[in-house]
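Observations on the model geometry
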Amino acid sequence: MLVLGRNLGDTIIINENITIKFMKGKGADFKVAIDAPKEVKIVRGEVDERQKEREAKFAYLDS
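This section reports on the structure supplied with the text.

About the thresholds
Residues numbered from 1 in each chain as written. Predicted model: local features only at pLDDT ≥ 70, side-chain atom pairs only at ≥ 80, totals over all residues. Heavy atoms only, no water. Pairing = 2+ DSSP bridges. Helix = DSSP H or I, 4+ residues; strand = E, 2+ residues; numbered from the N terminus. Axes fitted to C-alpha atoms, helices over the stretch in contact; angles between N-to-C directions. Salt bridge = Lys/Arg side-chain N within 4 Å of Asp/Glu carboxyl O. Buried < 20%, exposed > 50% of the residue type's maximum accessible area, 1.4 Å probe, protein only. Patch = residues over 30% accessible without salt bridge, like charges linked within 9 Å, V, L, I, M, F, W, Y side chains within 5 Å. Areas by Shrake-Rupley, 256 points an atom, 1.4 Å probe, with all protein chains shown as cover.

Notes on the sheet that holds strand β1 (residues 11-14)
Strand order in the open sheet made by the three strands is β1-β2-β3, with antiparallel pairing throughout. For this open sheet the edge positions go to β1 and β3 (29-35), each flanked by a neighbour on one side alone. The average angle at which neighbouring strand axes cross in this sheet is 20°, direction not considered.

Okay, structure coming up:
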């Protein structure tokens, strides 16, 4: 895992086609803009966790 300190307005570029820009910040609350191709799945961590928990809970139905 790469950990970076960034200032507001700074960007991070991943694979030449994904740009992350730090838009607003106040204390621990901040906003991030992500520009990526449509085929790149972007999901908040807590949403991904809930999806995985749901899938595990109902995995027996697929058997």
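Okay, back to it.
Re the pattern of salt bridges
For the structure on display, the rule yields three salt bridges. For D10, the salt bridge identified is with R6, shortest N-O distance 3.3 Å. On the basis of relative accessibility, which here comes to 38%, the residue R6 falls in the partly exposed class. A salt bridge links K52 to D48; the nearest nitrogen and oxygen atoms lie 3.1 Å apart.

As for a nonpolar patch on the surface
On the surface, a cluster of nonpolar side chains totalling about 360 Å² of accessible area is made up of F30, V32, I34 and I42. When you line up the elements, I42 lands in the loop between β3 and α1 (45-57).

Focus on the pairing of β1
Here β1 pairs with strand β2 (residues 18-26) via four bridges, running antiparallel. Among the inter-strand pairings, T11 is bridged to a residue of β2, identified as K21. From the end of β1 to the start of β2, which pair antiparallel, there are three residues, and N15 there has a positive phi angle of about 55°.

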